[in-house]
Amino acid sequence: MSNHDQPLEQPLLRVTDLAKSYGGHAACREVSFDLWPGEILAVVGESGSGKTTLLKCISAQLACDDGRIEYLMRDGVMRDIHSLSEAERRFLMRTDWGFVHQNPREGLRMRVSAGANIAERMIAVGARNYGKIRGTAEDWMDQVELDPARVDHQPNTFSGGMQQRLQIARNLVTHPRLMFMDEPTGGLDVSVQARLLDLLRSLVTKMQLSAVLVTHDLAVARLLSHRIMVMQGGEVIETGLTDQVLDDPQHPYSQMLVSSILPV
Amino acid sequence: MTQAAQNAGMQVDQSDVTGEAKAGPDPHYNFAYLDEQTKRMIRRAILKGVAIPGYQVPFASREMPMPYGWGTGGVQVTASIIGPDDVLKVIDQGADDTTNAVSIRQFFVRTTDVETTTHTEEASIIQTRHRIPEQNLSEDQILVYQVPIPEPLRFLEPRESETRKMHALGEYGLMHVKLYEDIATHGHIATTYAYPVKVNGHYIMDPSPTPKFDNPKMHRMPALQLFGAGREKRIYAIPPHTAVYSLDFEDHPFEVQQWEQSCEICGAGDTFLDEVVTDDQGGRMFVCSDSDHCNRHQEAAE
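Source: prediction; values computed, not measured. (Residues numbered from 1 in each chain as written. Chains lettered and ligands numbered in written order. Predicted model: local features only at pLDDT ≥ 70, side-chain atom pairs only at ≥ 80, totals over all residues. Heavy atoms only, no water.)

A. How the structure looks around the confidence of the model for chain A. The share of residues in chain A with pLDDT of 70 or more is 96%, and the mean pLDDT across the chain is 89. Looking over chain A, one finds the lowest element-wise mean pLDDT in helix α7 (residues 190-207) of chain A, namely 86, and the highest in helix α5 (residues 130-143) of chain A, namely 94. (pLDDT = per-residue confidence, 0-100. Helix = DSSP H or I, 4+ residues; strand = E, 2+ residues; numbered from the N terminus.)

Below, the structure written as structure tokens:
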């Protein structure tokens, strides 16, 4: 699923003037950005700044009030995701896209084994050979540094970090091109966070994934993302290369955000 | 075509109470208990179900004079297709003489005064709880199933809004996840009853808790199969000669149960057997679950 052979003429995802309000309260206003193949965009900001609303809108889980969200389909055509039929959207969601929830319990089926969790997407796109499905599931467990011998164990016997890695494996098994991640390292302790970030970074490079990463942790953004978008009160106040924004923030709020990282 | 088949085909209903002339049905009730408007409503649901094989049609299920779980859905379906000329057979787990079968048969005798039988081939309507008769059914028969939970995806996905969407979009991956889990846990597909089937290449359907032994009989069955779930308020159907495919994996194909024993009463080796505990010393015997088939087989042998 390499994107190298595709000419970089069109972005993978183009968001134009997106707006979403809840009642009278605007959660997102005039958000525009392009996401290019292989690029990771971090969306940072404080709680309530509209990060998660933005993520839900662009991943078609929430209808937006205004604006366009165009996605480059595998056939090379840019299409507005809100004009797709529900069947097409759901198909995208389980093949071309992945969604990593902050709480792995939301992204996993806790009642079935780890192997079945990874198998679900394969089966959804038509795999019907038990032996092959199981082999692929074990292979993916290995890739996310889980012991393949635990393929039949229930996810609730896994630790938080392992559940998060299982969730990632479950999403990557259909080789998606675009991942949405909502605080993927939230709620994990620091050493587990570091290992998960390391894993994510290597997988993302290996598979040439594009990703939209929502986080309030600037260290996560620094480590994973190429570009950064700072949001406040539903508006994008600053955007640029990650190192540039973090080393030389221009907007007063970004400056405050960067300076408020506790020194170790 | 039998009277029942005609009724299911929306003929003008002629089943007014005719009880006064002969001994007849109990005059205190409308023919077959339900009022005529209700029967029409249920027939509309049945017709829709037949038109879309395997699709669960919602209907306004009525309270019946028996508790939920006793076959209120099947009884309503039977009540709306039965006519005075029909011959009714009621079985419960294959047997004609168990409580559920006897009560439902008496209910219809009292409210319709139709002829009843235990012989499979003589019946025009067979209401069944969780078995399909061993003997092949014909085109002028209707098989009515009592269904407790019509939604095959229910235990995998609790939201009704979501399961409906999954049916509409044909997103049935989850059903195979269950079978995958079966093999992972037990080494083979351990689902033995309510084994999911794909009807006419589209809808996945729960064949009610019949043993999977009966699944192959549903495939291209000449008789019309109607399913009624009273508590869940759903009706669905398989029209005659419709393809019914039991889900499986390429390397774990669908298989029915097999027994090393044969029936200890009639000696049949190709029927679905019940294991009956005979004492508290570990004694047990295997007998046919289909009591009518077993009796016939026995008579033929003598």
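B. Structural view of unusual backbone geometry. Despite not being glycine, A:His175 has its phi angle at roughly 50 degrees, a positive value. Turning to its location among the elements, A:His175 is positioned in the loop between α6 (160-172) and β7 (178-182). In this model, B:Tyr33 sits at a positive phi of 70 degrees, which is unusual for a non-glycine residue. Here B:Tyr33 lies in the loop between α1 (3-8) and α2 (36-51).

C. Spotlight on the layout of surface pockets. Taken as a whole, the largest pocket spans an internal volume of roughly 1600 Å³. In this structure, the largest pocket is lined by 46 residues; those nearest its centre are A:Arg109, A:Glu120, A:Arg170, B:Arg159 and B:Glu162. Listed by contribution, the elements that provide at least two residues to the lining of the largest pocket are α2 (86-95), α3 (104-107), α4 (114-124) and α6 of chain A together with α5 (160-169) and α6 (173-186) of chain B. Ranked by residues supplied to the lining of the largest pocket, first place goes to α6(B) with 6 residues. Class assignment of the residues belonging to the lining of the largest pocket gives a composition of 14 nonpolar, 10 polar and 22 charged. In this structure, the second largest pocket encloses a volume near 420 Å³. (1 Å grid on protein atoms, 1.4 Å probe; cavity = no way out; pocket = protein on both sides within 12 Å on 5 of 7 lines; lining within 4 Å. Points joined across faces, edges and corners; volume = space filled by probe spheres on them. Nonpolar A, V, L, I, M, F, W, Y, C, P; charged D, E, K, R; others polar.)

D. Expanded view of the pattern of salt bridges. Here the structure, examined in full by the defined rule, presents 37 salt bridges over all chains. The salt bridge involving A:Glu86 is made with B:Lys165; its shortest N-O contact spans 3.1 Å. Of this pair, A:Glu86 sits in helix α2 while B:Lys165 sits in helix α5, which puts the two residues in different chains. Looking at A:Glu86, the relative accessible area reads 34%, which means it is partly exposed. Here A:Arg201 makes a salt bridge to A:Asp198, at a shortest N to O gap of 4.0 Å. Here A:Asp198 and A:Arg201 lie together in helix α7, a separation of 3 residues that amounts to about one turn. Look at the salt bridges and you will find they share partners, linking A:Arg90, A:Arg94, B:Glu162 and B:Glu171 into a network. (Salt bridge = Lys/Arg side-chain N within 4 Å of Asp/Glu carboxyl O. Buried < 20%, exposed > 50% of the residue type's maximum accessible area, 1.4 Å probe, protein only.)

E. Layout of the interface of chain B and chain A. Each partner contributes to the interface: chain B provides 20 residues, whereas chain A provides 22 residues. Overall, the association of chain B and chain A removes approximately 1800 Å² of surface from exposure, summing both partners, and the carbon and sulfur fraction of that is 56%. Scanning the region where chain B abuts chain A turns up 4 salt bridges. B:Glu171 is the salt-bridge partner of A:Arg90, the closest N and O atoms lying 2.8 Å from each other. Our count for the contact surface shared by chain B and chain A stands at 11 residue pairs in polar contact (both at pLDDT 80 or more). For the side of chain B that touches chain A, the secondary-structure elements that each account for two or more residues are α5 and α6 of chain B. Looking at which element gives the most residues to the side of chain B that touches chain A, the answer is α6(B), with 8 residues. (Contact = heavy atoms within 4.5 Å. Buried area = accessible area lost by both parts, 1.4 Å probe. Polar contact = N/O pair within 3.5 Å; in protein donor to acceptor, adjacent residues only side chain to side chain.)

F. Region of interest: the state of the cysteines. Taken as a whole and assessed by the stated rule, the structure comprises 0 disulfides over all chains. Of all cysteine sulfurs, the one in A:Cys64 lies closest to A:Cys57, which takes part in no disulfide; the gap is 5.3 Å. Lacking any disulfide linkage, B:Cys294 is separated from the closest cysteine sulfur, that of B:Cys266, by 3.7 Å. Relative accessible area serves as the criterion here: at 4%, B:Cys294 is assigned to the buried category. (Disulfide = S-S within 2.5 Å.)

G. Fine view of the sheet that holds strand β3 (residues 40-45) of chain A. Residues and elements named next belong to chain A. Overall, mixed pairing links the 6 strands, which are arranged β6-β7-β8-β3-β9-β10 in an open sheet. Where the open sheet ends on each side, the last strands, each with one partner, are β6 (97-100) and β10 (235-241). Here the strands of the sheet are splayed against their neighbours by 15 degrees on average, with no regard to which way each runs. Contacts from helix α1 (residues 51-58) reach β3, β6, β7, β8 (210-215) and β9 (227-232), with the element oriented near 150 degrees to β8. Its contacts with the sheet place α6 against β6 and β7, and it is angled at close to 170 degrees to β6. (Pairing = 2+ DSSP bridges. Axes fitted to C-alpha atoms, helices over the stretch in contact; angles between N-to-C directions.)

H. Layout of the packing of aromatic side chains. Scanning all chains against the criterion turns up 15 aromatic pairs over all chains. A centroid spacing of 5.6 Å and a plane angle of 40 degrees characterise the contact between B:Tyr29 and B:Tyr33, whose relative ring orientation is tilted. Residue classification places B:Tyr33 among the partly exposed positions, given a relative accessible area of 25%. Put simply, the rings of A:Tyr71, A:Trp97, A:Phe99 and A:Phe180 pair up and form one aromatic cluster. (Phe/Tyr/Trp six-rings, centres within 6.5 Å; stacked < 30°, edge-to-face > 60°.)

I. Local environment of the pairing of β9(A). All names here are of chain A. Most of β9 sits out of view: 5 of its 6 residues are buried. Here β3 runs beside β9; their pairing, made up of 5 bridges, is parallel. Paired with Gly 45 across the bridge in β9 is Met 231. Inspection of the sheet shows β9 paired to β10 by 6 bridges, in the antiparallel sense. Note on β10: the bridge partner recorded for Met 231 is Val 236.

J. A look at the packing of α4(A) against α5(A). Residues and elements named next belong to chain A. Running from N to C, α4 and α5 cross one another at 115 degrees; their axes reach a closest spacing of 9 Å. Note on packing geometry: the crossing formed by α4 with α5 is right-handed. Of α5, the residues touching α4 (which contributes Ala 114, Gly 115, Ile 118, Ala 119, Met 122 and Ile 123) are Ile 133, Thr 136, Ala 137, Trp 140 and Met 141. Split into classes, the residues belonging to the contact of α4 with α5 amount to 9 nonpolar, 2 polar and no charged. (Left-handed = near helix turned anticlockwise from the far one by under 90°.)

K. View of helix α8 (residues 291-301) of chain B. Residue and element names in this part refer to chain B. Taken as a whole, α8 has its buried residues at Ser 291, Asp 292 and Cys 294. Viewed along the axis of α8, the buried residues span an arc of 165 degrees, placing them on a single side of the element. Set apart from the buried face of α8 by more than 90 degrees, the exposed residues are Ala 300 and Ala 301. Looking at the buried side of α8, the elements it contacts are β2 (87-92) and β12 (284-288). With a side-chain oxygen lying 3.2 Å from the backbone nitrogen of Asp 292, the N-terminal cap of α8 falls on Asp 290. (Arc of directions from axis to C-beta.)

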